[in-house]
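# Inside the fold
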Amino acid sequence: LSSMATFSTYEAKARFSEVLRMIRAGKTVYITYHGETVAEIRPVSRSEDLPERLRRLREEGALLRRAERRGALRVVARRPGALERFLDQRDI
């Protein structure tokens, strides 16, 4: 048996339980879209703890830090009665 398998997005969706069984068995699964590989799903390394895994994913570019907030949110428009007008139009 090979240590990897390839499924189209349609096949992966239809055979998801099988895909998970393969991954749990240590195989790497590749997902294709119109013949182009778009994803790689592999077993999680049990030797890494969570902080180590997060650091590695950031280094690989697979995980990005949250963008910093640039200040409080503010109202950009006020339209009294907008909800009432919407509901009135909806009942037509």
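Preceding block: the structure.
Residues numbered from 1 in each chain as written. Predicted model: local features only at pLDDT ≥ 70, side-chain atom pairs only at ≥ 80, totals over all residues. Heavy atoms only, no water.

## Considering the pattern of salt bridges
Under the criterion given, the structure shown has four salt bridges. Residues Glu18 and Arg15 are paired through a salt bridge, measuring 2.8 Å at the closest nitrogen-oxygen approach. On the basis of relative accessibility, which here comes to 35%, the residue Arg15 falls in the partly exposed class. One salt bridge connects Glu59 with Arg55, and the closest N-O pair in it is separated by 3.0 Å. Pair noted here: Glu59 and Arg55 are both in helix 3 (residues 50-60), with a separation of four residues, about one helical turn. (Salt bridge = Lys/Arg side-chain N within 4 Å of Asp/Glu carboxyl O. Buried < 20%, exposed > 50% of the residue type's maximum accessible area, 1.4 Å probe, protein only. Helix = DSSP H or I, 4+ residues; strand = E, 2+ residues; numbered from the N terminus.)

## Comments concerning the pairing of strand 1 (residues 4-8)
Judged by which residues are buried, strand 1 turns out to be one-sided: Ala5 and Phe7 face inward and are buried, whereas Met4, Thr6 and Ser8, on the alternate face, are not. As defined by bridge partners, strand 1 adjoins strand 2 (residues 28-33) across five bridges and the pair is classed as parallel. Directly across from Ala5, in strand 2, lies its bridge partner Val29. (Pairing = 2+ DSSP bridges.)

## Quick look at unusual backbone geometry
For His34, which is not glycine, the phi torsion reads 55° and is therefore positive. On the secondary structure map, His34 appears in the loop between strand 2 and strand 3 (36-41).

## Observations regarding the sheet that holds strand 1
A sheet is described by the order of its strands in space; here three strands give the open sequence 1-2-3, paired in mixed fashion. At either end of the open sheet lies a strand with only one pairing partner, and these are strand 1 and strand 3. Taken pair by pair, the neighbouring strands of this sheet meet at an average axis angle of 30°, ignoring direction. Relative to strand 3, strand 2 runs antiparallel, the two sharing five bridges. Each bridged residue has a counterpart across the sheet, and for Val29 the counterpart in strand 3 is Ile41. (Axes fitted to C-alpha atoms, helices over the stretch in contact; angles between N-to-C directions.)

## Looking at the nonpolar core
The biggest cluster of nonpolar side chains holds eight residues, and these are Ala5, Phe7, Ala12, Val19, Met22, Ile23, Val29 and Ile31. For this core, the secondary structure elements donating two or more residues are strand 1, helix 2 (16-24) and strand 2. The dominant element in this core, judged by the number of residues it contributes, is helix 2, at three residues. Ignoring anything within four residues of it in the chain, the contact list for Ile31 reads Phe7, Ser8, Thr9, Ala12, Glu36, Thr37, Val38, Ala39 and Ile41. (Core = buried A, V, L, I, M, F, W, Y, C linked by side-chain atoms within 4.5 Å. Contact = heavy atoms within 4.5 Å.)

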